[in-house]
Amino acid sequence: MRLRHIPGAAAAVCQNPLVLTEEEAVSHKGQWLRFSGGRPLHLEIGMGRGRFIFSAAQADAAGFFIALEVRPEMVLQALQRFAGEEDAGQPGNLRLLWCDAARLADIFAPGEVSTIYLNFPDPWPKNRHQKRRLTAPSFLSVYQHILQEQGQLCFKTDNLPLFEWSKENFLAGNWHIQHISNDLPLAESAIVTEYESRYRKRGQPIFYLAASPGEGG
Ligand SMILES: C[S@@+](CC[C@H](N)C(=O)[O-])C[C@H]1O[C@@H](n2cnc3c(N)ncnc32)[C@H](O)[C@@H]1O
């Protein structure tokens, strides 16, 4: 996602009460259910401008939603988007977490998370960057660790090579694949993300996989 550097973005993000910094998030490890008031935790990794997570939090008051994003400029844009949704009101069950997905194991204890959403993660097409892909084996094994046994990971992408490569990683990691589609119908896409909307307008297929941690969890 192209976005220019915004001076002061990091400071503005840290001051916003909807945002958790990495240090704050680490302090909740093992205590997230207390923080969420007992509501199950749903986590989006790489939220971009936050369109998906805002709608998800509004649609499910019984859940607690956390959106992780590494770029402060994106977090700032998400906050601006939320502030603009005056009619809809601000969901009280949503927090944004400014941090890198590489820190997940320091933030969540085993089995603390109910759902992980990976919506259109950066494909990192070069082989030498494979480890950065959010569906690389090292990431999948952390997701297995922090997800509940009956939890679910939902992965959407427009990128077929990334999808095929990721599918192999899920299978090698003994994930239990519950749903797979090479052209997810719009009617089955509960909430359309910003990137998804762009690809659907161009008529591109959306690749989708939902899996539970299985034996590796
Ligand atoms: C292609 S965008 C997709 C945005 C959104 N999920 C959607 O579907 O519209 C990927 C986002 O993931 C973020 N991202 C990439 N690597 C990340 C990481 N290691 N940890 C957290 N966020 C990351 C990027 O900054 C970017 O905002």
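Everything that follows concerns the structure shown earlier in this document.
Engineer: Can you walk me through the nonpolar core in this structure?
Structural biologist: Inside soluble globular proteins, nonpolar side chains tend to come together where they are buried. Ile 53, Phe 65, Ala 67, Leu 68, Val 75, Leu 97 and Ile 116 are the most contacted members of the largest nonpolar core, which has 54 residues in total. The contact partners of Val 75, leaving out residues within four places of it in the chain, are Val 13, Val 19, Glu 69, Leu 96 and Trp 98.

Engineer: Explain the pairing of strand β4 (residues 94-98) here, please?
Structural biologist: If a strand is regular, its side chains alternate between the two faces of the sheet. Burial runs high along β4: five of the five residues are buried. On β4, burial covers both faces: Leu 94, Leu 96 and Trp 98 on one face and Arg 95 and Leu 97 on the other are all buried. Across three bridges, strand β1 (residues 19-21) lies against β4 in parallel orientation. Among the inter-strand pairings, Val 19 is bridged to a residue of β4, identified as Leu 96. With five bridges joining them, strand β3 (residues 64-69) and β4 adopt parallel strand pairing. For Phe 65, the partnering residue across the bridge sits in β4 and is Leu 94.

What counts as what
- Residues numbered from 1 in each chain as written.
- Predicted model: local features only at pLDDT ≥ 70, side-chain atom pairs only at ≥ 80, totals over all residues.
- Core = buried A, V, L, I, M, F, W, Y, C linked by C-beta atoms within 7 Å.
- Buried ≥ 20, exposed ≤ 12 C-beta atoms within 10 Å, placed from the backbone.
- Contact = placed C-beta atoms within 7 Å.
- Helix = DSSP H or I, 4+ residues; strand = E, 2+ residues; numbered from the N terminus.
- Pairing = 2+ DSSP bridges.

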